[in-house]
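Read off the chains here:
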Amino acid sequence: MTDSIMSKAATMEIPINSNGDSRTLGEDDGLEQDLQQVMVSGPNLNETSIVSGGYGGTTEGIIPTSSIKDLRMKCKGVNVAPSQSAASRIASQSDDYPGIPGSSMHHSSSSSAMAEEATRGVAVEKFDMMKKWSMNTYKCTKQMISERFGRGSRTVDLELEAQIEVLRDTKRKYENVLRLARALTNHFYSMVQTQHALGDTFADLSQKSPELRDEFGYNAETQKLLCKNGETLLGAINFFVSSINTLVNKTMEDTLMTIKMYENARLEYDAYRADLEELNMGPRDAVTMARIDAAQQQYQVQKDKYERLRSDVTIKLKFLEENKVKVMHKQLLLFHNAISAYFAGNQQQLEQTLKQFNIKLKPPGDDKPSWLEEQ
């Protein structure tokens, strides 16, 4: 009997998914169909699970294979979109903890986008400025070379050009007057210092030489008087030099700077005028007409700039001439009267000349620093 029972147990079929429990025939047929589907298309890892515990363990040890798949994809550098439940959980955590980085992700991304857009705008603006400057430089250089070799035409205002040339020649001559007046001041200052030292020496000898006391005394007084008149004349000459320096290096130089701007505008005007004339001589297709319209606008801008600066130069030349005549009339009269009174020995007339032109002399030793400044 025991043998029959063992033989029967050996011939019994136990289903592979029963875990020791017998099932119905319908369930076995369904299991067989599932096994055939797995053999054909492979297992669906998103729906299966792996038991981490032992056989027959609880559900707490079950790890979804979808999580393993996501972990494997992240290790390979692939971004896996979170599920809807995970996204809602992250959003709720961001709301509960506003200090975490996820709560300010949208704000930081928008700020970086705005900064990037501003940087791109600045770069585009600088590129446009560089492009415009390059084209303008090319046109002006081409026009300058054409004028130098006599191939291109230039706009000439004969009357204005003559006035500009007269101004430049006048400035060169006045610079020469200024150089000579400064040399005269330096030499005369040295002579006055020598007279002052000579007068002190005569006065000392007058005290130590009784037999020549009167003679040394007369010469000492004369040198002191000449020294005083020389300092007065130096005040007049310094005023003359200062006024000429202002006229030459400020007033005339300012006008010449405006003239330089006018000449640059004239060159640009002729360059764009020549470019427009060249385009008008070409074909009249759609592309050329667009270029002609753009060139016409640039030409008009340069023409307005040229005419405005030409008007400024004309006005400044007129005022400069009036100012020059007024200043030089006063300064030449001062120089003549002061020199004549000094060498005529007329001390009263020399002092009257300085009062006439409101020239105040510094008291002796005023240029020296005080004892407080020397400490």
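Shown above is the structure to which this text applies.
Summary of the structure given here. (Residues numbered from 1 in each chain as written. Predicted model: local features only at pLDDT ≥ 70, side-chain atom pairs only at ≥ 80, totals over all residues. Heavy atoms only, no water.)

### What about the pattern of salt bridges?
Side chains that differ in charge, positive against negative, can pair when their charged atoms come close. Selection rule: Should a side-chain nitrogen of Lys or Arg be within 4 Å of a carboxyl oxygen of Asp or Glu, the pair is scored as a salt bridge. Under the scheme used here, helices are H or I runs from DSSP no shorter than 4 residues and strands are E runs no shorter than 2 residues, and both carry numbers assigned from the N terminus.
By the definition in use, this model includes 12 salt bridges. A salt bridge links Glu 263 to Arg 168, with the shortest nitrogen-to-oxygen separation between them at 3.0 Å. Of the two residues, Glu 263 sits in helix H7 (residues 213–280) while Arg 168 sits in helix H6 (residues 158–208), which places them 95 residues apart along the sequence. Between Glu 277 and Arg 273 there is a salt bridge, with the nearest N and O atoms lying 3.2 Å from each other. In this pair, Glu 277 and Arg 273 are both assigned in helix H7, four residues apart and thus about one turn of the helix distant.

### A closer look at the packing of aromatic side chains
Formally: A pair of Phe, Tyr and Trp rings is counted when the ring centres sit within 6.5 Å of each other, with Trp represented by its six-membered ring. The angle between the planes then sorts it: under 30 degrees is stacked, over 60 is edge-to-face, the rest tilted. Relative accessible area decides the class of each residue, using a 1.4 Å probe on protein chains only: under 20% of the type maximum gives buried, over 50% gives exposed, and in between gives partly exposed.
Counting across every chain of the model gives seven aromatic pairs. Pairing Phe 188 with Tyr 342 gives two aromatic rings, centres 5.2 Å apart and planes at 80°, and the pair type is edge-to-face. Of this pair, Phe 188 sits in helix H6 while Tyr 342 is found in helix H8 (residues 286–343), placing the two residues 154 residues apart along the sequence. Judged by relative accessible area, which is 6%, Phe 188 ranks as buried. Judged by relative accessible area, Tyr 342 falls into the buried class, the value being 9%. With centroids separated by 4.9 Å and ring planes inclined at 90°, the aromatic side chains of Tyr 342 and Phe 343 adopt a geometry described as edge-to-face. Given a relative accessible area of 61%, Phe 343 falls into the exposed group. In this structure an aromatic cluster arises from ring pairing among Tyr 262, Tyr 269, Tyr 299 and Tyr 306.

### Quick word on the nonpolar core
Definition in use: Nonpolar cores were defined as sets of buried Ala, Val, Leu, Ile, Met, Phe, Trp, Tyr and Cys residues, with membership established by side-chain atoms within 4.5 Å. The contact criterion used is simple: two residues touch if any of their non-hydrogen atoms lie within 4.5 Å.
With 43 residues, the main nonpolar core has Ile 164, Leu 167, Ile 259, Tyr 262, Val 313 and Leu 317 as its most contacted residues. Ranked by the residues each element gives to this core, the list is headed by H7, at 18 residues. Non-local contacts of Ile 259, meaning those with residues more than four positions away in its chain, are made with Ile 164, Leu 167, Arg 168, Val 313 and Leu 317.

### Considerations on the environment of Glu 147
Summarising the element assignment, Glu 147 is placed in helix H5 (residues 105–148). Between the C-alpha atom of Glu 147 and that of Leu 267, which follows or precedes it by 120 residues, the distance is 9.8 Å.

### What about the environment of Ser 311?
Mapped onto the elements, Ser 311 comes out in helix H8. Look at Ser 311 and you get partly exposed, because its relative accessible area is 37%.

### Considering unusual backbone geometry
In this structure, Asn 358 is a non-glycine residue whose phi angle is positive, near 55°. Tracing the sequence through the fold places Asn 358 in the loop between helix H9 (347–356) and helix H10 (371–374).

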